[in-house]
Amino acid sequence: MINEENDGIRLLAALNNAEWCDAVCRAHGLESSLGEGVWISPRRTPPYYPDAVTLSTETSEETVLTWIDTDAPGSSVKDSFAVLDLAPDGFEVLFDAQWIHRPAAAPAPAPSPLLDWTRVDSAAELEAWEAAWDGEESTGLFRPALLTSGIAFLAGRDPDGRIRAGAVANRTGEVVGLSNVFTADGTPDDAAWSGSLASIAGLWPGLAVVGYESGDDLGTAVRHGFRPVGPLRVWLRTG
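Residues numbered from 1 in each chain as written. Predicted model: local features only at pLDDT ≥ 70, side-chain atom pairs only at ≥ 80, totals over all residues. Heavy atoms only, no water.

Participant: Break down the overall build of the protein for me, citing the residues and quoting the values.
Facilitator: Secondary structure assignment for the protein yields five helices and 11 strands. In terms of C-alpha radius of gyration, the protein reaches 18 Å, essentially the compact-globule figure of 18 Å for 239 residues. Seen through its C-alpha atoms, the protein measures out along the principal axes to roughly 50 × 45 × 30 Å. Across the 239 residues in the protein, those meeting the buried criterion constitute 49%. The long-range share in the protein, meaning contacts at least 24 apart out of those at least 6 apart in sequence, stands at 67%. Roughly 11,000 Å² of accessible area belongs to the protein as shown, and the carbon and sulfur atoms make up 52% of that amount. Averaged over its 16 positive side-chain charges, the protein has a centre that lies 4 Å from the centre of its 35 negative ones. (Helix = DSSP H or I, 4+ residues; strand = E, 2+ residues; numbered from the N terminus. Rg over C-alpha atoms; globule rule 2.2 N^0.38 Å. Buried < 20%, exposed > 50% of the residue type's maximum accessible area, 1.4 Å probe, protein only. Contact = heavy atoms within 4.5 Å. Areas by Shrake-Rupley, 256 points an atom, 1.4 Å probe, with all protein chains shown as cover. Lys, Arg positive; Asp, Glu negative; His and termini not counted. Charge placed at Lys NZ, Arg CZ, Asp CG, Glu CD.)

Written out as structure tokens, the structure reads:
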């Protein structure tokens, strides 16, 4: 029973992530689409975003590769169920991770009193948020078209108004995806997770939260009420 439940959650998480990728691509003027068991962008996507996200364990390598641009190195595939073998087609594993799920009934954590959490609501704030997330300066990866009712860029500010932590939340159906969680200038990682989860509970109360993490970030997510529900793999074409 638990495996069936986890499979359903993984599908919801993959769909949520595909819709987030779709929003980012469309904000850059790229036409992407949801096909049979896969989301794809036929043109190269912005940095950090895949050209395809699989949405079924039955999606084949051929189905994925038919729809994306593999003429040059750099294309990538998010194998949502870690079942594809793309090595014969010139891909290497970029990283492995775990889908994570925080139940709707989980209590919202108390945010750190050191940060004041708000939702980014202007192009100027979004530029400042991206600069804090990137650690250097905004490159225009996240565009103002993403400031919609279903997507929230969350910013944790210190008493001087500087962004010290943040995350992105996107709602699809009965789940909220949490991604791009970050801290800056020595702010503890836990402050970003507790603050963003408290913000999500205020924006969309009573909904489960999903996402994916690996390494130390996975451990931090577990400390904040998430549990791993299954593997995913990201492939990058290098030759």
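Participant: Give me the lowdown on the packing of aromatic side chains, citing residues and values where you can.
Facilitator: Applying the stated criterion across every chain yields a total of 13 aromatic pairs. Pairing F95 with Y212 gives two aromatic rings, centres 6.4 Å apart and planes at 15 degrees, and the pair type is stacked. On the criterion of sequence distance, the pair formed by F95 in strand β5 (residues 91–102) and Y212 in strand β10 (residues 208–213) is long-range, its members being 117 residues apart. Relative accessible area serves as the criterion here: at 24%, Y212 is assigned to the partly exposed category. Grouping aromatic residues by their ring pairs yields a cluster made of W20, Y48, Y49, W129, W133, F142, F153 and F182. (Phe/Tyr/Trp six-rings, centres within 6.5 Å; stacked < 30°, edge-to-face > 60°.)

Participant: Give a detailed account of the layout of surface pockets, specifying residues and quantitative values.
Facilitator: There is about 910 Å³ of room inside the largest pocket. Along the wall of the largest pocket there are 40 residues; nearest its centre are Y48, F95, S179, N180 and Y212. When contributions to the lining of the largest pocket are tallied by element, the ones reaching two or more residues are α1 (2–27), β4 (76–79), β5, β9 (175–183), α4 (189–203), β10 and β11 (227–237). Counting residues per element, the lining of the largest pocket draws most heavily on β9, which supplies seven residues. Within the lining of the largest pocket, the residues separate by chemical class into 23 nonpolar, 12 polar and five charged. (1 Å grid on protein atoms, 1.4 Å probe; cavity = no way out; pocket = protein on both sides within 12 Å on 5 of 7 lines; lining within 4 Å. Points joined across faces, edges and corners; volume = space filled by probe spheres on them. Nonpolar A, V, L, I, M, F, W, Y, C, P; charged D, E, K, R; others polar.)

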